[in-house]
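# Structure assessment
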Amino acid sequence: MKKKENINKIIKDKSKVVMETLELILTDSIPVLGKLEFASIKRGKEEICTLEIYVPKRGYERHWLMEVSSLFSHMFYEQILLDLLENFGNLEKVKMSNFYKETENNFYGLKLENSLGSVITLNFVWQGDRFEEIVDLYHKKRKNCC
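In this text the structure is predicted, and so the values were computed from the model without any measurement.

Burial runs high along strand β2 (residues 46-55): 7 of the 10 residues are buried. Here strand β1 (residues 33-43) pairs with β2 via 9 bridges, running antiparallel. Residue Glu37 lies in a different strand from β2, and its bridge partner there is Glu52. If you look at the hairpin formed by β1 and β2, you'll find 2 residues sitting between the two strands, and Gly44 has a positive phi there, around 65°. Inspection of the sheet shows β2 paired to strand β3 (residues 60-69) by 7 bridges, in the antiparallel sense. What sits directly across from Thr50, in β3, is Leu65. Once β2 ends, the chain turns through 4 residues before running back antiparallel as β3, passing Gly59 with a positive phi of about 65°.

With that settled, the discussion passes to the pattern of salt bridges. Inspection of the entire model under this criterion finds 5 salt bridges. A salt bridge links Lys9 to Asp13; the shortest N-O distance between them is 2.8 Å. Of this pair, Lys9 and Asp13 are both found in helix α1 (residues 2-26), 4 residues apart, which corresponds to roughly one turn of the helix. Using a relative accessible area of 36% as the deciding quantity, one classes Asp13 as partly exposed.

This paragraph deals with the environment of Ser69. Here Ser69 shows up in strand β3. Note: C-alpha distance between Ser69 and Ile134 (65 residues apart in sequence) is 17 Å. Non-local contacts of Ser69, meaning those with residues more than four positions away in its chain, are made with Glu46, Glu47, Ile48 and Cys49.

Analysis parameters
- Here the residue index of a chain counts from 1 through its sequence in written order.
- Since the coordinates come from a predicted model, pLDDT governs what is reported: local features require at least 70, and pairs of side-chain atoms require 80 or more to be given and counted, while whole-chain, interface and lining totals use all residues.
- Neither water nor hydrogens contribute to the side-chain values; these are computed over all heavy atoms in the structure.
- For every residue, the accessible area obtained with a 1.4 Å probe (protein chains only) is divided by the maximum for its type, and the residue is called buried under 20%, exposed over 50%, and partly exposed between those limits.
- Put simply, DSSP H or I for four residues or longer makes a helix, DSSP E for two residues or longer makes a strand, and each gets a number counted from the N terminus.
- Following DSSP output, two strands are said to pair if at least two bridges run between them.
- By definition, a salt bridge exists where a carboxyl oxygen of Asp or Glu is found within 4 Å of a side-chain nitrogen of Lys or Arg.
- Whether two residues are in contact is decided by their heavy atoms: any pair within 4.5 Å suffices.

If you want it as structure tokens, here you go:
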């Protein structure tokens, strides 16, 4: 039980970092294009979720290990999507898209756009086996809130 509580705390903390990052990009005084990519890398014998952040106009690039095993990526992504809806879903100045695919760009995710013209894409490169369930949940909750 302690391990599950610890995983949930890590997931909530890491999702909070993602929300703070999105907020910083969206509140920039000039329109920017940003990209967040959720992927995974092998660390030892375990796959770990990663986050790549790119905001070229600001020269900003970060590569983070999220300290969440890819076995729990479904929980991590669900938390991120629920937090997205909670933090940005009802804002007049921010539009959130449905999930969409761009096969030629290896993209499966969504985008946020603010009234200044800044656009941030969230690309879920690593998806895991329960990803479609999470996408369905996002669409249902988005329909009810936004």
